[in-house]
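# An overview of the molecular structure
Residue strings, one per chain:
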Amino acid sequence: LLDQSAAASQEAGPFVIALDVTGRIDVADASAVPGGNLLNGPLDISGEGPVDPPDKASIDASIELSGLPLQINITRVGDEVFVGALGQDFRVDLPPEQVALLDFGSLYPTLVDWIATPTEEGREEIDGTDTVKVTGEVDPVRALASLAPLLGEEPTAAQARAALRRGTVEAWIGTEDLLPRRVHLVLDADAARIAEGVRRVEIDLTANMSAWGEPVDIAAPANPRELDLDQLGGLFGG
């Protein structure tokens, strides 16, 4: 069921995603992690917007990183990432592996691929759609390999198993079309066992998906200014 749902999501085309993320990232050495100064501390992110797989998305987001509140738009078009705020648009210089982390179209297939022991938990209605709920524990090797661009290096299987404190994924799948309507991830990893730059990663993420197959129009902003990721904190007063 999970495999069929992941395949259906990748074949369905555009959709709208609504994200709610809380948690924290504890950075030991900010210089060892791109954007380390900004990423260090609590996470509180909510956002919504259209996604046009494989490489387009435009998310209006409210973000609090390290106590710094931001109201921004995050747009990805191809290999470029743009941030819009305070009436200005900026192209953020990111390495390709971190641009790939903003692949919202692959978020659901990636998360359900992390499930090692899926179990059907019953039926629920999500926004008027009948769904079947599937839950399971996270496979640490798959999960932490996917997070390697954030951690700065890919862990060995033994490191991944030692690092994962807790990990669960819940998925709600439409009974008629097998398209996902919601996915919920809880992840707590002792990243110091893997990477010198990051001590711990805690994430509680819920993604709701809707409007499957409806056309969207996503374009890069005109004449953006260049911006390094580590400059974002200074830009917003941090």
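Quick caveat, the model's predicted, so the values are computed rather than measured.

### Details of the overall build of the protein
- Helix and strand counts for the protein come out as eight helices and twelve strands.
- The proportion of buried residues among the 238 residues of the protein is 47%.
- Across the protein, every contact between residues at least 6 apart in sequence was considered, and the portion connecting residues at least 24 apart equals 61%.
- Summed over its atoms, the accessible surface of the protein is roughly 11,400 Å², and 45% of this surface lies on carbon and sulfur atoms.

### Points about the confidence of the model for the protein
- When pLDDT is averaged along the protein, the result is 86; 83% of the residues meet or exceed 70.
- Model confidence for the protein, summarised as mean pLDDT per element, is weakest for helix 2 (residues 36–39) at 51 and strongest for strand 8 (residues 129–137) at 97.

### Some points on the pattern of salt bridges
- Tallied over the entire structure, the rule returns six salt bridges.
- Across the pair D139 and R142 runs a salt bridge, and its minimum N-O distance is 3.8 Å.
- When its relative accessible area of 38% is taken as the criterion, R142 is described as partly exposed.
- When the shortest N-O distance is used, the salt bridge between R181 and D177 registers 2.9 Å.
- Take R181: its relative accessible area is 13%, and that puts it in the buried class.

### Focus on a negative patch on the surface
- Where like charges cluster on the molecular surface, the negative patch consists of D20, D44, E64 and D204.
- Along the chain, D204 turns up in strand 11 (residues 198–210).

### Observations concerning the nonpolar core
- Counting 41 residues, the largest nonpolar core has L2, I17, Y108 and L185 as the members making the most contacts within it.
- Excluding anything up to four places from it in sequence, L2 contacts Y108, V112, I115, P118, V134, A171 and I173.

### What to know about the side chain of D190
- By secondary structure assignment, the location of D190 is in the loop between strand 10 (180–189) and strand 11.
- With residues up to four places along the chain from it excluded, the contact list for D190 reads A163, R165 and R199.

### Concerning the packing of aromatic side chains
- Enumeration over the complete set of coordinates arrives at one aromatic pair.
- Seen in terms of ring centroids, F15 and W212 are 4.4 Å apart; in terms of plane orientation they differ by 25°. Their pairing is stacked. Taken together, the residues F15 in strand 1 (residues 15–27) and W212 in the loop between strand 11 and strand 12 (225–228) connect sequence positions 197 residues apart.
- For F15, a relative accessible area of 3% gives the class buried.

### Considerations on the pairing of strand 7 (residues 119–126)
- In terms of strand pairing, strand 7 meets strand 8 through seven bridges, oriented antiparallel. In the strand pairing of strand 8, G122 is matched with K133.

### Focus on the environment of K56
- Positionally, K56 belongs in strand 3 (residues 56–65).
- According to the relative accessible area criterion, K56 is partly exposed, its value standing at 31%.
- Linking K56 and G105, residues 49 residues apart in sequence, is a C-alpha distance of 8.6 Å.
- Once residues lying within four places of it in the same chain are set aside, the contact partners of K56 are V51, R76, V77 and I218.

Here is what the cut-offs are and how they apply
Residues numbered from 1 in each chain as written. Predicted model: local features only at pLDDT ≥ 70, side-chain atom pairs only at ≥ 80, totals over all residues. Heavy atoms only, no water. Helix = DSSP H or I, 4+ residues; strand = E, 2+ residues; numbered from the N terminus. Buried < 20%, exposed > 50% of the residue type's maximum accessible area, 1.4 Å probe, protein only. Contact = heavy atoms within 4.5 Å. Areas by Shrake-Rupley, 256 points an atom, 1.4 Å probe, with all protein chains shown as cover. pLDDT = per-residue confidence, 0-100. Salt bridge = Lys/Arg side-chain N within 4 Å of Asp/Glu carboxyl O. Patch = residues over 30% accessible without salt bridge, like charges linked within 9 Å, V, L, I, M, F, W, Y side chains within 5 Å. Lys, Arg positive; Asp, Glu negative; His and termini not counted. Charge placed at Lys NZ, Arg CZ, Asp CG, Glu CD. Core = buried A, V, L, I, M, F, W, Y, C linked by side-chain atoms within 4.5 Å. Phe/Tyr/Trp six-rings, centres within 6.5 Å; stacked < 30°, edge-to-face > 60°. Pairing = 2+ DSSP bridges.

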